[in-house]
Amino acid sequence: MEAIRILSIENETHNVMHVRTEKPMGIIYSPGQAADVTVDMPKFENELRAFTFTSLPSDPFLEFFIKQYPDHHGVTEQIGQLKVGDSLLIGDVFGDIKYQGEGIFIAGGAGITPFISVLKYLDKNDNIGNNKLIFANNTSKDIIANEYFSKLLGENFINVLSQEEHEKYQHGFITKELIQTHVQNEETKFYLCGPPPMMDAVLGHLKELGIDESRIVKEAF
Ligand SMILES: Cc1cc2nc3c(=O)[nH]c(=O)nc-3n(C[C@H](O)[C@H](O)[C@H](O)COP(=O)(O)OP(=O)(O)OC[C@H]3O[C@@H](n4cnc5c(N)ncnc54)[C@H](O)[C@@H]3O)c2cc1C
């Protein structure tokens, strides 16, 4: 594990922090990957949690969006107490999400994080194309990086809110019909990341739509 000093902490939403840290020499990751992270305190050194890099590999710093669960009394509650100048510990890099061609990104809540770096990377390379993002949240105040994705994707950014009626967004859960509307062709890839119940539901929809598993790239949070 290596200590990484916190350079900045901002509130991204009411319960998600945007944390920027130093980048250790030699750390290698690809957009979409995560690392084992914990707080640099003896009590937490064996409490590794996965957080996804939302920075680009070429950035001179590391960046994470970290959703807090104060009621778990775990690592994310502790990270919420940290200040600029404190340290996190970072370990192994891993993760199954990797860009494999144009498609539909489907995220739930903090499951958006791997898609932040993948879409940022495509943007940097002028390759955003017709990629689409369907983002499920409870309410509009839970939408991470709303402004960024609205500018980047325009009409290809589709928000679905389960607990709020909002004139700009769809209401309910992600449905099979919604996904079907956005499928372009037989090559369209499906990138999924979110909490297990959402993943199960969306995988069920994709199965019913006859999507072969080889077109699905996924990671559960
Ligand atoms: C590959 C991967 C990448 C990820 N990337 C990110 C990311 O970029 N950003 C992000 O925000 N999250 C991400 N996550 C999720 C993140 O790892 C977890 O949210 C985080 O581990 C929660 O840690 P915690 O210690 O606060 O709570 P937990 O580890 O969930 O809980 C600590 C303890 O609290 C208890 N507990 C568990 N659930 C509850 C509950 N519902 N109520 C009360 N007590 C409970 C348990 O005893 C548990 O041991 C990722 C997950 C994976 C697998």
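No experiment lies behind these values; they were computed from the predicted model shown. (Residues numbered from 1 in each chain as written. Predicted model: local features only at pLDDT ≥ 70, side-chain atom pairs only at ≥ 80, totals over all residues.)

## What to know about the environment of Phe-65
So, step 1. Its location among the elements puts Phe-65 in strand β5 (residues 61–67).
So, step 2. Under the C-beta neighbour-count criterion, Phe-65 is labelled partly exposed, with 19 such atoms within 10 Å.
So, step 3. In this structure the C-alpha to C-alpha distance between Phe-65 and Leu-178, which are 113 residues apart in sequence, comes to 27 Å.
So, step 4. The contact partners of Phe-65, leaving out residues within four places of it in the chain, are Glu-12, Val-16, His-18, Thr-54, Ala-110, Thr-113, Ile-116 and Ile-144. (Helix = DSSP H or I, 4+ residues; strand = E, 2+ residues; numbered from the N terminus. Buried ≥ 20, exposed ≤ 12 C-beta atoms within 10 Å, placed from the backbone. Contact = placed C-beta atoms within 7 Å.)

## Side note on the site of the ligand
So, step 1. The full set close to the ligand counts 22 residues, and Arg-49, His-72, Gly-74, Thr-76 and Thr-113 are the nearest of them.
So, step 2. Of all the secondary structure elements, the ones that give two or more residues to the shell around the ligand are β4 (49–52), β5 and α1 (75–79).
So, step 3. Across the shell around the ligand, the residue classes tally to 10 nonpolar, seven polar and five charged.
So, step 4. Both domains that meet at the shell around the ligand, namely domain 1 (2–94) and domain 2 (103–220), each give it at least three residues. (Near = placed C-beta within 6 Å. Nonpolar A, V, L, I, M, F, W, Y, C, P; charged D, E, K, R; others polar. Domains from an automatic or database assignment.)

## Observations regarding the nonpolar core
So, step 1. Residues Ile-106, Ala-107, Ile-112, Phe-115, Leu-133 and Tyr-191 are the most contacted members of the largest nonpolar core, which totals 49 residues.
So, step 2. Taken domain by domain, the makeup of this core includes at least three residues from each of domain 1 (2–94) and domain 2 (103–220).
So, step 3. Beyond its immediate sequence surroundings of up to four residues, Tyr-191 is in contact with Ile-97, Gly-103, Phe-105, Ile-106, Phe-115 and Val-217. (Core = buried A, V, L, I, M, F, W, Y, C linked by C-beta atoms within 7 Å.)

## Re the sheet that holds strand β3 (residues 34–39)
The strands that make up a sheet are held in pairs by hydrogen bonds between backbone atoms, and each pair lies either parallel or antiparallel.
So, step 1. Spatially, the six strands line up as an open sheet ordered β4-β3-β6-β1-β2-β5, and their pairing is antiparallel. Of all strands in the sheet, those bounded by a partner on one side alone are β4 and β5. Each strand axis lies, on average, 45° off the axis of its neighbour in the sheet, ignoring direction.
So, step 2. When strand β2 (residues 16–22) meets β5, the two strands line up antiparallel, connected through seven bridges. Among the inter-strand pairings, His-18 is bridged to a residue of β5, identified as Phe-65. (Pairing = 2+ DSSP bridges. Axes fitted to C-alpha atoms, helices over the stretch in contact; angles between N-to-C directions.)

## So, the domain arrangement of the protein chain
So, step 1. Annotation of the protein chain at the domain level lists domain 1 (2–94) and domain 2 (103–220).
So, step 2. When each unit is reduced to the centre of its C-alpha atoms, the spacing between domain 1 and domain 2 is 24 Å.
So, step 3. Facing 13 residues of domain 1, the contacting portion of domain 2 comprises 13 residues.
So, step 4. Among the residues forming the side of domain 1 that touches domain 2, the class breakdown is five nonpolar, six polar and two charged.

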